[in-house]
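Listed below are the residues making up each chain.
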Amino acid sequence: MALAIISSGGDAPGMNPAIKKFVDYTYKRGEEAYLIYDGLEGLIDNKIKKATHQDVAGIVHIGGTIIRSSRSKRFFEYKYREQAYNNLKALGVKGLVVLGGDGTFRAMQKFSSEFDINFVGIPSTIDNDIYGTEYCLGVDTALNVIRDALDKIRDTASSFNRAFLVEVMGRDCGYLAIVSAIISGAEICVIPEVKFEKEALEKKLSQEIKDGRNYVLAIISEGAKKTSEIHSWIQDTFALETRVSILGHIQRGGNPTVYDRMMAFDFTIYAIDYLLEHNNSNKVVVYNSGKFDFMEIEEVVSNRYQLPQHLLNAINYLD
Ligand code: F6P
């Protein structure tokens, strides 16, 4: 049987270890492995190549995705999805391993409802915002990149009387922000999921500043869209000179951590085994409480990821 792998949407550290495992393990199982280049755009344009072990040699430690990615507009159109299907059919590809996030999984749900496609999705996004799984590939590496940046910002922050505001990624989800705030000891964290209560914080921080606190660290989630509002609020309320750092795409890069490499290998083995043992698969591998399982694509895309309650609660316990 021929299987193919594709990465689509925002890249995430851990995709390369997954691609390497995909090729090596598919051949080990006695099947053929194909690489789809340039995401869904490449699937439409038939950029599909039979993989060799050489193609994936020496890539486990590299961030990004060697087969590249795209955010495809054309895939929204039926005629291009049909073209993509015909490309796979012509090569005899019977199953797809799909590395991607929410948008990619929505595209796959549509694609598989129209054509005879078997796929298993591997949740891969630094945002950690996919319904049904506690963990998405790339999150641990992104958090370590943010931790490193925050540790450095704190060095300079503590040397001045200043406030530092750091915006971290997360299109609609505050996961990266809240975890980063907890592990860096930030005083303020603003995420889209929780109403920002200025008054309580104002009282607490004003007292602390009176008592000698000389700097403030605030983490703002990109999805909250409040970076400039909080900037003005801190300057005006606490009379602290305030600097803003938007970490941006640096958070998507970097060598995958040990955890992301191990997760990539496990996610991929589960995905391949499932595809080889089932004729009809429209699933996503999910990871919860230390166990891997599979969830129907319908269920994944028709629900919204919710931050776990203990993280939501933590917003109120920041020092
Ligand atoms: O992949 C997720 C993500 O990094 C989000 O955190 C962010 O909002 C978005 O992608 C940025 O997308 P792009 O790379 O297309 O600018």
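Residues numbered from 1 in each chain as written. Predicted model: local features only at pLDDT ≥ 70, side-chain atom pairs only at ≥ 80, totals over all residues. Heavy atoms only, no water.

Across its full length, the chain holds 11 helices and 11 strands. Reported as C-alpha extents along the three principal axes, the dimensions of the chain are approximately 70 × 35 × 35 Å. Each of the 319 residues in the chain was classed as buried or not, and the buried ones make up 55%. Nonlocal contacts in the chain, meaning residues at least 24 apart in sequence, comprise 75% of its contacts between residues at least 6 apart. Of the roughly 14200 Å² of accessible surface on the chain, 48% is carried by carbon and sulfur atoms. Treating the 36 positive side-chain charges of the chain as one cloud and the 42 negative ones as another, the clouds have centres 3 Å apart. (Helix = DSSP H or I, 4+ residues; strand = E, 2+ residues; numbered from the N terminus. Buried < 20%, exposed > 50% of the residue type's maximum accessible area, 1.4 Å probe, protein only. Contact = heavy atoms within 4.5 Å. Areas by Shrake-Rupley, 256 points an atom, 1.4 Å probe, with all protein chains shown as cover. Lys, Arg positive; Asp, Glu negative; His and termini not counted. Charge placed at Lys NZ, Arg CZ, Asp CG, Glu CD.)

Below, the discussion takes up the pairing of strand 4 (residues 93–100). In terms of burial, strand 4 is largely enclosed, as seven of its eight residues are buried. Looking at chain direction, strand 1 (residues 2–7) and strand 4 are connected through six bridges and run parallel. Across the sheet, Ile5 pairs through a bridge with Val97, a residue of strand 4. In the sheet, strand 4 pairs with strand 5 (residues 119–123) via five bridges, with the strands oriented parallel. Directly across from Leu96, in strand 5, lies its bridge partner Phe119. (Pairing = 2+ DSSP bridges.)

Here we come to the nonpolar core. Residues Leu43 and Phe111 are the most contacted members of the largest nonpolar core, which totals 99 residues. When residues of this core are sorted by domain, at least three fall in each of domain 1 (2–138 + 256–304) and domain 2 (139–252). Not counting residues up to four positions away in its chain, the partners in contact with Leu43 are Ile6, Ile36, Tyr37, Ile48, Phe75, Ala84, Asn87, Leu88 and Phe111. Counting residues in each nonpolar core, the second largest holds 16 residues, with Val190, Val216, Ala218 and Ile230 among its members. (Core = buried A, V, L, I, M, F, W, Y, C linked by side-chain atoms within 4.5 Å. Domains from an automatic or database assignment.)

The ligand sits among Gly10, Arg71, Asp127, Met169, Gly170, Arg171, Glu222, His249 and Arg252. Contact distances for the ligand include 2.8 Å between an oxygen atom and a side-chain N or O atom of Glu222. Residue Arg252 places a side-chain N or O atom 2.9 Å away from an oxygen atom belonging to the ligand. Considered on its own, the ligand offers 400 Å² of accessible surface; in the complex 78% of this is hidden by protein. Of the residues belonging to the shell around the ligand, the class tally is one nonpolar, three polar and five charged. (Near = heavy atom within 4 Å. Polar contact = N/O pair within 3.5 Å; in protein donor to acceptor, adjacent residues only side chain to side chain. Nonpolar A, V, L, I, M, F, W, Y, C, P; charged D, E, K, R; others polar.)

What follows is about the side chain of Glu31. Mapped onto the elements, Glu31 comes out in the loop between helix 1 (15–28) and strand 2 (32–36). There is no salt bridge for the buried Glu31, and the closest opposite charge comes from Arg29, which lies 5.8 Å off by N-O distance. A distance of 2.4 Å separates a polar side-chain atom of Glu31 from the backbone nitrogen of Met1. Dropping the residues within four chain positions of it, Glu31 is found in contact with Met1, Thr26 and Leu276. (Salt bridge = Lys/Arg side-chain N within 4 Å of Asp/Glu carboxyl O.)

Let us now look at helix 8 (residues 227–238). In this model, helix 8 (12 residues) spans 16 Å end to end at C-alpha, consistent with the 16 Å of a helix rising 1.5 Å per residue. Along helix 8, the residues classified as buried are Thr227, Ile230, Trp233, Ile234 and Phe238. All buried residues of helix 8 fall inside an arc of 125° around its axis, so they share one side. Projecting away from the buried face of helix 8 at angles above 90 degrees are the exposed residues Ser228 and Asp236. Remark: Ala239 follows helix 8 within two positions and exhibits a positive phi of approximately 50°. (Expected span 1.5 Å × (residues − 1). Arc of directions from axis to C-beta.)

Applying the stated rule across the entire model yields 12 aromatic pairs. Ring centres of Tyr85 and Phe115 lie 4.9 Å apart, and the angle between their planes is 20°; this geometry places the pair in the stacked category. Note that Tyr85 is positioned in helix 3 (residues 78–91) and Phe115 in the loop between helix 4 (102–114) and strand 5, a separation of 30 residues in sequence. Tyr85 sits in the buried class, given a relative accessible area of 16%. Phe115 sits in the buried class, given a relative accessible area of 11%. An aromatic cluster of at least three residues, connected via ring pairs, comprises Phe267, Tyr270, Tyr274, Tyr287, Phe292 and Phe294. A cation over an aromatic ring shows up here: Arg74 above the ring of Tyr80, its NZ or CZ 5.1 Å from the ring centre. Across the ring face of Phe160, the terminal group of Arg162 is positioned such that the distance to the ring centre comes to 4.0 Å. (Phe/Tyr/Trp six-rings, centres within 6.5 Å; stacked < 30°, edge-to-face > 60°. Lys NZ or Arg CZ within 6 Å of the ring centre and 35° of its normal.)

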